[in-house]
Amino acid sequence: MPGGTPPNSLTALPQTTRLAPSPTGALHLGNARTFLINWAMARKAGWRIVLRIEDLDSPRVKPGVIEQTIETLAWLGMDWDEGPIVQSDDLSPFIEAMEQLAAMGRVFACDLTRSEIEAAASAPQQGVHETRFPEHLRPAEMAKRFDDRERGWRFLVQPGIVEFEDAFLGPQRVDPAQTVGDFVVWTKRGQPAYQLAVVVDDARQGVNEVVRGDDLLDSTGRQILLRRALGLGRAGGDDVRYTHLPMVVGEDGRRLAKRHGDTRITHYREQGVEPERIVGLLGEWCGLGPREPMSAGEFLRRFDLHTMPRSQVVFRPGDERWIQKS
Ligand code: GLU
């Protein structure tokens with residue numbers, strides 16, 4: 001968007017969602033299911049779909065991987081109305097957002113490493129993957145300008161409960177000051193961190209329906225705080241509807257990953273598996289009845305968020321055999 005002006009009046013825009021794959025992690029049965037549900041919800045309800053490639057805040061993406069991700073979504077039968085928009089193509093909207101936050105005294109540069117923060121935190125937190133940033137590590141004064149892109153920057157989080165209604169999980173309440181504290185918005189690699197990139201891009205692209213895995217549920221409070229601070233969207237930044245979906249896990253209860261075998265969609269495709277077989281399995285996982293080969297169009301016709309199983313889906317060896325038709 002020229003000048004990076006955030007769209008503050010979305011009134012004229014239709015409901016809009018995004019498919020936002022990160023090309024660092026290949027599409028596998030778990031995230032393919034989330035994308036297929038997102039796509040089906042959008043096409044059923046007539047939402048506009050933006051395809052956004054989230055290639056920031058991660059190590060360099062290997063050449064060809066972005067194209068392969070896009071091709072795989074299309075091969076499974078998904079389509080979109082706008083994009084692909086590749087986040088790394090233009091960093092200026094994120095820089096402008098940082099300048100805006102700095103002018104409001106809401107960010108500070110911080111080069112502390114994770115282990116330094118952990119060492120300074122008074123009580124170690126068990127079972128959480130993110131260490132809460134303790135207040136005493138804040139500088140006495142906030143920066144007035146975003147003047148060094150090669151440093152890490154954090155957003156100043158004031159205490160307070162953030163509430164939102166998740167379309168699948170129901171009412172949610174979180175106090176980001178208690179869970180994570182001041183969080184990273186800019187990395188020392190000279191790029192926006194995930195939280196900032198998502199918020200700025202969702203607003204620029206008019207996204208008001210966010211559908212994603214529930215591993216990102218705890219990011220939502222932070223994203224709402226950033227939307228509010230930046231004055232993005234309608235209703236003071238609270239105009240996005242969130243739908244967080246249960247993850248696919250292995251028999252060990254851990255999120256589907258390499259350790260559970262090669263469930264990458266490209267791997268199945270190379271072995272001659274038809275997309276209908278994959279979509280058929282995903283359909284059963286979404287409560288569409290016993291597995292049978294199914295096109296994305298058929299999945300869309302039958303999918304209903306209200307009858308989708310509420311628990312995590314477990315990927316079992318029998319699922320792999322069914323995909324491979326053996
Ligand atoms: N790029 C993220 C992923 O692939 C999704 C981020 C989001 O939906 O906010 O998991």
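This is a predicted model, so every value here is computed, not measured.

K.L.:
Sorry, what's going on with the overall build of the protein here?
P.N.:
When you go through the protein residue by residue, the secondary structure sums to 11 helices and 13 strands. Taken over C-alpha atoms, the radius of gyration comes to 20 Å for the protein, in line with the 20 Å a tight globule of 326 residues would show. If you line up the protein on its principal axes, its C-alpha atoms span 65 × 45 × 40 Å. Counting over 326 residues, the protein shows a buried share of 51%. Taking contacts inside the protein between residues at least 6 apart in sequence as the whole, the part at least 24 apart equals 76%. Carbon and sulfur atoms form 50% of the exposed surface of the protein, whose accessible area is close to 15,100 Å².

K.L.:
What's the story with the packing of aromatic side chains in this structure? I'm lost.
P.N.:
In this description, a pair of aromatic rings is defined by centroid distance and the angle of the planes. Taken as a whole and assessed by the stated rule, the structure comprises seven aromatic pairs. With centroids separated by 6.2 Å and ring planes inclined at 90°, the aromatic side chains of Trp-285 and Phe-315 adopt a geometry described as edge-to-face. Within this pair, whereas Trp-285 is found in helix H9 (residues 275-285), its partner Phe-315 is found in the loop between strand S13 (313-314) and helix H11 (317-323), the two being separated by 30 residues in sequence. Each member of the pair Trp-285 and Phe-315 is classed as buried.

K.L.:
Could you clarify how one ought to interpret the side chain of His-260 in this entry?
P.N.:
Along the polypeptide, His-260 turns up in the loop between strand S12 (248-249) and helix H8 (265-270). One polar contact links His-260 to Asp-252, side chain to side chain, over a distance of 2.8 Å. For His-260, the contacting residues outside a window of four places in its chain are Gly-250, Asp-252, Arg-254, Arg-255 and Phe-315.

K.L.:
For this particular structure, what's the right way to read the site of the ligand?
P.N.:
Every residue close to the ligand is listed here: Arg-18, Ala-20, Ser-22, Glu-54, Tyr-194, Val-198, Arg-212 and Leu-216. A distance of 2.7 Å separates an oxygen atom of the ligand from a polar atom in the side chain of Tyr-194. At 2.8 Å, a side-chain N or O of Arg-212 approaches an oxygen atom of the ligand. Taking 300 Å² as the accessible area of the ligand by itself, protein coverage stands at 79%. Looking at the shell around the ligand, its residues break down into four nonpolar, one polar and three charged.

K.L.:
Sorry if this is basic, but what is going on with the layout of surface pockets here?
P.N.:
Regions of empty space are outlined by a rolling probe, equal in size to a water molecule, passed over the atoms. Empty space within the second largest pocket amounts to approximately 300 Å³. Taken together, 18 residues make up the lining of the second largest pocket; nearest its centre are Pro-23, Thr-24, Gly-25, Ala-26 and Val-65. With four residues, helix H2 (residues 65-76) is the largest single contributor of residues to the lining of the second largest pocket. For the lining of the second largest pocket, the residue count by class is seven nonpolar, seven polar and four charged.

K.L.:
What is the right way to read the nonpolar core from this model?
P.N.:
Judged by nonpolar contacts, the single largest core of 49 residues is most densely connected at Leu-29, Ile-278, Phe-299 and Phe-303. Looking at this core, the elements with two or more residues in it are helix H1 (29-45), strand S2 (48-53), H2, H8, H9, helix H10 (296-302) and H11. If one sorts the elements of this core by residue count, H1 sits on top with nine residues. One finds Ile-95, Val-174, Leu-230 and Leu-232 within the second-largest nonpolar core, a separate group that totals 36 residues.

K.L.:
Quick question: what am I supposed to make of unusual backbone geometry here?
P.N.:
Note: most peptide bonds trans; most residues except glycine with negative phi. Going from Gly-83 to Pro-84, the amide bond is cis rather than trans, its omega being 10°. Within the element layout of this structure, Pro-84 appears in strand S3 (residues 82-86).

K.L.:
I keep staring at the pairing of strand S1 (residues 16-19) and nothing clicks. Help me out?
P.N.:
On a regular strand, each side chain points to the face opposite its neighbour's, so the side chains alternate between the two faces of the sheet. Burial along S1 is two-sided: Thr-16 and Arg-18 facing one way and Thr-17 and Leu-19 facing the other are all buried. Across four bridges, S1 lies against S2 in parallel orientation. Note on S2: the bridge partner recorded for Leu-19 is Leu-51. For the crossover from S1 across H1 to S2, the handedness is right-handed.

Cut-offs and rules
Residues numbered from 1 in each chain as written. Predicted model: local features only at pLDDT ≥ 70, side-chain atom pairs only at ≥ 80, totals over all residues. Heavy atoms only, no water. Helix = DSSP H or I, 4+ residues; strand = E, 2+ residues; numbered from the N terminus. Rg over C-alpha atoms; globule rule 2.2 N^0.38 Å. Buried < 20%, exposed > 50% of the residue type's maximum accessible area, 1.4 Å probe, protein only. Contact = heavy atoms within 4.5 Å. Areas by Shrake-Rupley, 256 points an atom, 1.4 Å probe, with all protein chains shown as cover. Phe/Tyr/Trp six-rings, centres within 6.5 Å; stacked < 30°, edge-to-face > 60°. Polar contact = N/O pair within 3.5 Å; in protein donor to acceptor, adjacent residues only side chain to side chain. Near = heavy atom within 4 Å. Nonpolar A, V, L, I, M, F, W, Y, C, P; charged D, E, K, R; others polar. 1 Å grid on protein atoms, 1.4 Å probe; cavity = no way out; pocket = protein on both sides within 12 Å on 5 of 7 lines; lining within 4 Å. Points joined across faces, edges and corners; volume = space filled by probe spheres on them. Core = buried A, V, L, I, M, F, W, Y, C linked by side-chain atoms within 4.5 Å. Pairing = 2+ DSSP bridges. Right-handed = clockwise from strand over helix to strand, strands pointing away.

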